[in-house]
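A look at the structure
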Amino acid sequence: MIHGGGEGAIVPAGADFNVMQWPSLIDRPEKPAVEDAISRLALDHISDGVLVADMRLRGHPIIQVNPAFERITGYPACEAIGKNCRYLQGSDRLQPELAEIRAALAEGHACSVTLRNFRRDGTMFRNALRLEPLHDNQGHLTHFVGIIRDVTHAAGVDRLTGLLDRNGLLDRLAQIEMQAGSVLLVIKLDILRFHDVNNGFGYDVGDALLCSASARLGTLPAVAISRIDGNNFVLAFELVDVGMAGQIVSDVLDLLRPRFILPGASLAVQFAAGYTIGVAGSDPLQFLRRAGAALQHSKALPDHTPRPFAEADDRDARNRVRLANELQSAVSNEELLFHYQPQVDLGSGDLIGAEALLRWNHGAFGLQQPMRFIGVAEETGAIMDIGAWGLRTLAAYAARINQSRRAPFRFALNVSVMEFTRQDMVASVERVLEETGCRAEWLTLELTENLMAPEPDDIRRAFEHLRRLGVSISIDDFGTGYSNLRYLERFPLSELKIDRSFVRDVAESSVKRVIVESIVKLGAALDTRVVAEGIETEAERAIMRELGCSVGQGFLFAPPLDEHRFELLLNEGLVVREERQQRLLENYRSKPA
Ligand code: C2E
Ligand code: MG
Ligand code: MG
């Protein structure tokens, strides 16, 4: 039962198109009954959706659809008929393929494109659409027949987002390259700390974020848009003017900057981007590799500014693979160590504690900063061994340092989310405290605020248990993460560590002052200490103190120091105060470890 009303005489135009060989799609009174029946039977049973639009009527309404159309789109015939087929695109109207369709309709020729369309329930499907024009005996365009094939789960398409997958992208790049002469801009994007979203909010929210980001990317006039794996997107643009590359990249990032409002979370996420420009005709894999190497470089920059590919990035990429392999044995080779950055009571100026910051003394590359390897360690799981080593080492060190002190000296350890979700952190801490003689009050665990997500009851219980033991819990980089303030009250915290982006230039920014003030108030209400990190100038110190932060950390006081220098400072600091201590710190600051 093909649905719809009959129209005048039609001659199919596309000879290569089987369904259209049956002229009975649109009823013709003179047509033999048997032929008519065969056509209807075929249309009722083919798996492709078919629609017929009347090009002579205003708005080019759909006049017929077959059962497969209803099945694929979820729209019953009675709802589809009378509409322009554009309604299947929902509000997703900026797809580059639509230009091809408009040209085909205007000029009355056939076309094949793959579009994002939306079912009646709002879910997206990839529609490999074939449009065939029908002309009357005088050669006037009367109808268009659309053949709809749902290729959402076809090879080359990413199931979750409907974008191209890695293979689909490579095919597409190869096709574009056949039209040699054009210049391609290939951008690779990565959602920073995506695993924190998954771990903290759950995979549903992670998936929703990926879909939502894909929908935004889908509005760009790119020649290819794909999710090649996990949280990696690749876009290709044809460049008319090579000088526009940087602008296009920043437009893409601007599009992704507004918060993502998802079921269960509202997230502002940061994307890193690497890009490369090449002449069509070169190896598609090379485009991907180069954009990827530039991306890695961008991720290693403190502010993650987008990076164009440079030859040196290739070397970096090879080094990263090497780092990942070697990191596995860094612990057993005793290549890891801590530097210690002092924390100062902003009221009295006393040294009251230190943050342990990880360093890797790599045989060939020298001393490596955590930025270079923590991400790799988390990706490869090496962070579990590293974290266990760090906890034990720091606890033993805290026990040794505190032996000769009257006032307890607190050490802070950075802990990755994975260390909480993949093991029993409470049991590890209890064991280490017992074995090293470290007292719980000498230890603070610093976690970035992403942990405070809706569901992690296990993590909350672990925090409660650690707090009962006497271990402090600090939220690091506070103000930059995805936290929902409501959860603050549910988590038993000891400390909020204001991110250094709010401390930097606080003297010149009234907004930053207000933010710091609010965090201090929040801290008071939650009965937690507030630490300001990254204090670099006297003015910043004075303001942070005035605004009520109790503890400060930053280059003004001292950079992270190796064990030897740290202990010198500590021992001197025990006897000297105020000005002498300041001078001493000046001295250490001028010779960063
Ligand atoms: P974080 O915990 O926020 O550590 C503070 C970072 O700021 C340190 O960088 C420190 O050297 C730097 N810093 C301190 N004072 C100043 C300042 O006045 N100005 C500026 N511009 N920077 C300052 P670092 O040592 O490179 O550590 C980077 C990050 O690596 C840490 O950020 C932490 O998230 C992570 N990390 C460090 N050690 C470990 C560890 O043992 N385990 C884990 N999972 N992560 C670690
Ligand atoms: Mg920290
Ligand atoms: Mg921090």
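Look up a bit, the structure's there.
Below is a short write-up of the structure.

About the criteria used
Residues numbered from 1 in each chain as written. Chains lettered and ligands numbered in written order. Predicted model: local features only at pLDDT ≥ 70, side-chain atom pairs only at ≥ 80, totals over all residues. Heavy atoms only, no water. Donors = N, O, S within 2.8 Å, 3.2 Å for Na, K, Ca; no water. Helix = DSSP H or I, 4+ residues; strand = E, 2+ residues; numbered from the N terminus. Buried < 20%, exposed > 50% of the residue type's maximum accessible area, 1.4 Å probe, protein only. Core = buried A, V, L, I, M, F, W, Y, C linked by side-chain atoms within 4.5 Å. Contact = heavy atoms within 4.5 Å. Axes fitted to C-alpha atoms, helices over the stretch in contact; angles between N-to-C directions. Parallel < 35°, antiparallel > 145°, perpendicular 65-115°, else oblique. Left-handed = near helix turned anticlockwise from the far one by under 90°. Nonpolar A, V, L, I, M, F, W, Y, C, P; charged D, E, K, R; others polar. Expected span 1.5 Å × (residues − 1). Pairing = 2+ DSSP bridges. Near = heavy atom within 4 Å. Polar contact = N/O pair within 3.5 Å; in protein donor to acceptor, adjacent residues only side chain to side chain. Areas by Shrake-Rupley, 256 points an atom, 1.4 Å probe, with all protein chains shown as cover. Lys, Arg positive; Asp, Glu negative; His and termini not counted. Salt bridge = Lys/Arg side-chain N within 4 Å of Asp/Glu carboxyl O. Phe/Tyr/Trp six-rings, centres within 6.5 Å; stacked < 30°, edge-to-face > 60°. Lys NZ or Arg CZ within 6 Å of the ring centre and 35° of its normal.

**Brief notes about the coordination of the magnesium ion (ligand 2)**
Within the protein, the atoms that donate to the magnesium ion (ligand 2) are E355 (OE), N414 (OD1), E446 (OE) and D476 (OD), at distances of 2.0 to 2.2 Å. Between the donor residues of the magnesium ion (ligand 2), the gaps in sequence give the motif E-x58-N-x31-E-x29-D. The metal-metal distance between the magnesium ion (ligand 2) and the magnesium ion (ligand 3) is 4.1 Å, with D476 serving as a donor to both. With E355 in strand β16 (residues 351-362) and N414 in strand β18 (residues 410-414), the pair connects residues that are 59 residues apart, well separated along the chain. Since its relative accessible area comes to 4%, E355 is described here as buried.

**Looking at the nonpolar core**
Residues F411, F420 and M544 are the most contacted members of the largest nonpolar core, which totals 80 residues. Contacts of F420, omitting those with residues within four sequence positions, involve V415, M425, L445, L447, I459, A462, F463 and L466. Listed in part, the 35 residues of the second largest apolar core include L220, I248, L253 and F260.

**Quick notes on the packing of helix α14 (residues 425-436) against helix α15 (residues 457-469)**
Where α14 meets α15, the axes come as close as 9 Å, and the angle between the chain directions of the two elements is 20°. Between α14 and α15, the interaxial angle falls into the category roughly parallel. α14 and α15 meet at a crossing whose hand is right-handed. On α15, the residues touching V426, V429 and E430 of α14 are A462, H465, L466 and L469. For the contact of α14 with α15, a count of residues per class yields 5 nonpolar, 1 polar and 1 charged.

**Describing the environment of S472**
By the element assignment, S472 lies in strand β20 (residues 472-478). Along the chain, S472 and W442 lie 30 residues apart, while their C-alpha atoms are 8.4 Å from each other. Sequence-distant contacts of S472, that is, excluding residues within four places in its chain, are made with R410, L443, T444, L445, S494 and R529.

**Re helix α7 (residues 203-217)**
Taking 1.5 Å as the rise per residue, α7 with 15 residues should run 21 Å; its terminal C-alpha atoms sit 21 Å apart, in good agreement. Among all positions of α7, only V205, G206, L209, L210, A213, S214, R216 and L217 are buried.

**Considerations on the pairing of β18**
In terms of burial, β18 is a largely internal element, 4 of the 5 residues being buried. Taken together, the 4 bridges between β16 and β18 define a ladder with parallel strand orientation. Across the sheet, residue A354 finds its bridge partner in β18, namely F411. In terms of strand pairing, β18 meets strand β19 (residues 443-448) through 4 bridges, oriented parallel.

**Thoughts on the pairing of strand β7 (residues 141-150)**
Along any regular strand, the residues point their side chains to alternate faces of the sheet. Counting buried positions along β7 yields 7 of 10 residues, so the element is predominantly enclosed. The pairing of strand β3 (residues 49-54) with β7 spans 6 bridges and is antiparallel. Bridge assignment links V52 to a residue of β7, and that residue is V145. Across 9 bridges, strand β6 (residues 124-135) lies against β7 in antiparallel orientation. Note that in β7 the partner of A128 across the bridge is R149.

**Here's the deal with the sheet that holds strand β9 (residues 224-229)**
With respect to topology, 5 strands assemble into an open sheet ordered β9-β10-β8-β13-β14, the strand pairing being mixed. Among the strands making up the open sheet, the edge pair consists of β9 and β14 (307-308). In this sheet, β14 lies alongside strand β13 (residues 271-279) in parallel orientation, the contact comprising 2 bridges. Note on β14: the bridge partner recorded for G274 is R307.

**Details of the coordination of the magnesium ion (ligand 3)**
Coordination of the magnesium ion (ligand 3) by the protein comes from D476 (OD), D477 (OD), E533 (OE) and E533 (OE), over a distance range of 2.0 to 2.5 Å. Between the donor residues of the magnesium ion (ligand 3), the gaps in sequence give the motif D-D-x55-E. By relative accessible area, which is 16% here, D477 ends up buried.

**Some remarks on the site of ligand 1**
Around ligand 1 sit 22 residues, and of these N414, D476, R500, E536 and F555 come closest. Between an oxygen atom of ligand 1 and a side-chain N or O atom of D476, the distance comes to 2.7 Å. Within the complex, the protein chains bury 83% of what would otherwise be the 800 Å² of accessible surface of ligand 1. For the shell around ligand 1, the secondary-structure elements that each account for two or more residues are β15 (336-345), β16, α11 (370-380) and β20.

**Describing the side chain of E335**
Along the polypeptide, E335 turns up in the loop between α10 (311-327) and β15. Buried charged residue E335 carries no salt bridge. Nearest counter-charge: R322, at 9.6 Å.

**A look at the packing of aromatic side chains**
All told, the structure shown has 15 aromatic pairs when counted by the stated rule. Ring geometry for Y340 versus F411: centroids 5.8 Å apart, planes at 80°, classification edge-to-face. Taken as a pair, Y340 in strand β15 and F411 in strand β18 lie far apart in primary sequence, 71 residues in all. Like F411, Y340 is buried. These aromatic residues form a ring-pair network of at least three members: F338, Y340, W389, Y397, F409, F411 and F566. When the ring centre of F260 is taken as origin, the NZ or CZ atom of R216, which lies over that ring, is 3.7 Å away.

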